[in-house]
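# Architecture at a glance
For reference, the chains in residue letters:
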Amino acid sequence: MSRPSSTGPSANKPCSKQPPPPQTQHAQSPAVPPAAATISASGPGSSAVPAAAAVISGPGGGGGGGAGNVSRQPHELTSLFECPVCFDYVLPPILQCQAGHLVCNQCRQKLSCCPTCRGALTPSIRNLAMEKVASAVLFPCKYATTGCSLTLHHTEKPEHEDICEYRPYSCPCPGASCKWQGSLEAVMSHLMHAHKSITTLQGEDIVFLATDINLPGAVDWVMMQSCFGHHFMLVLEKQEKYEGHQQFFAIVLLIGTRKQAENFAYRLELNGNRRRLTWEATPRSIHDGVAAAIMNSDCLVFDTAIAHLFADNGNLGINVTISTCCP
Ligand SMILES: [Zn+2]
Ligand SMILES: [Zn+2]
Ligand SMILES: [Zn+2]
Ligand SMILES: [Zn+2]
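Conventions we followed
- Residues numbered from 1 in each chain as written.
- Chains lettered and ligands numbered in written order.
- Predicted model: local features only at pLDDT ≥ 70, side-chain atom pairs only at ≥ 80, totals over all residues.
- Heavy atoms only, no water.
- UniProt positions renumbered as here; feature names shortened; annotations may be inferred.
- Helix = DSSP H or I, 4+ residues; strand = E, 2+ residues; numbered from the N terminus.
- Buried < 20%, exposed > 50% of the residue type's maximum accessible area, 1.4 Å probe, protein only.
- Areas by Shrake-Rupley, 256 points an atom, 1.4 Å probe, with all protein chains shown as cover.
- Donors = N, O, S within 2.8 Å, 3.2 Å for Na, K, Ca; no water.
- Tetrahedral: all angles 85-135°; square planar, octahedral: opposite > 155°, others 65-115°.

Looking up the protein chain in an unreviewed UniProt entry gives the name E3 ubiquitin-protein ligase, with the organism given as Cavia porcellus. Quoted verbatim from the Pathway (unreviewed entry) heading of the UniProt record, the comment on the protein chain is "Protein modification; protein ubiquitination." Taken directly from UniProt, the Sequence similarities (unreviewed entry) text for the protein chain runs: "Belongs to the SINA (Seven in absentia) family."

## So, the overall build of the protein chain
The helix and strand tally for the protein chain stands at 8 helices and 17 strands. Across the 327 residues of the protein chain, 47% fall into the buried class. Accessible surface, the protein chain as shown: approximately 15700 Å² in total, 54% of it carbon and sulfur.

## What about the coordination of the zinc ion (ligand 4)?
Within the protein, the zinc ion (ligand 4) binds to C171 (SG), C178 (SG), H190 (NE2) and H195 (NE2); these donor distances fall in the range 2.0 to 2.2 Å. Considering all 4 donor atoms around the zinc ion (ligand 4), the spread of angles at the metal, 100 to 124°, places the coordination shape in the tetrahedral class.

## Some details on the coordination of the zinc ion (ligand 1)
At 2.3 to 2.4 Å from the zinc ion (ligand 1) lie its protein donor atoms, namely C83 (SG), C86 (SG), C104 (SG) and C107 (SG). One way to put it: the 4 donor atoms around the zinc ion (ligand 1) meet at angles of 101 to 116°, and that makes the site tetrahedral. Written as a sequence motif, the donor arrangement for the zinc ion (ligand 1) is C-x2-C-x17-C-x2-C. Pair noted here: C83 is in the loop between α1 (75-79) and β2 (95-96) and C104 is in the loop between β2 and α2 (105-108), with a separation of 21 residues, a long-range link. A single burial state applies to C83 and to C104, both of which are buried.

Below you can see the structure in the form of structure tokens.
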């Protein structure tokens, strides 16, 4: 694997996740012509660097399914379930104060008396009638204010909200230190400003070169690939999922929705020493996050022994090809 002929500071050391590394140096300049870039790893430990890492809130999407339609149910009915403290809905199990006021279970745990009448909240008095009504009512999705028009049975609400397209996007960088959230449109500018070190390569066929793959501990290597008018995030993560067994996980995410991601396919290929290891799949949306994919091994997975078969001087080059697939 050739080193990039980039002008800026080159080959950076990945930083380990466990002990907070002193300082991280990241390549500033996107590498150029030769379609290979040296990628610095970013770990959440690197507090000194805004570029370092991010939170993945990937609840991993679930079934989803049972979303209801926009209902004509009067707003007054659902408003009866509004918690006077947080304005979220009071959902079963519904508990009331001695005087009959409702407060949601989350707020209730933090309160010593009823926020409406200051009366005692204990002993708990359950309101079965309101619970029955709640079961007959369709509640708006939590993200109604950002555009979701679904109303759902309260038992289906949490599951839908986890995968709701209107749920704010979290920073897609692997790790856990960046708490940024925002709209899909704002993700790229967040990455450009807060994670300046991430290198971007243009083209559908590039080489993702991860340096120093032998570094101990959990490490992430991240870079961006730009093609077909979209941005893709390439992630290589080294993790110890099972005690004493380190593995590498490589995946491509689309900075886009799940639906948009279905229009693409990606191929990761390790090549060298008369061996080849290939993985092809649909990119994940950053809305789902990288954590869920890794947890399910829904990505290119290989162990350190295999990594060594393909590595050159501790550097591992992964050929990444992105293509469009017409349905
Ligand atoms: Zn509340
Ligand atoms: Zn009360
Ligand atoms: Zn929704
Ligand atoms: Zn971020």
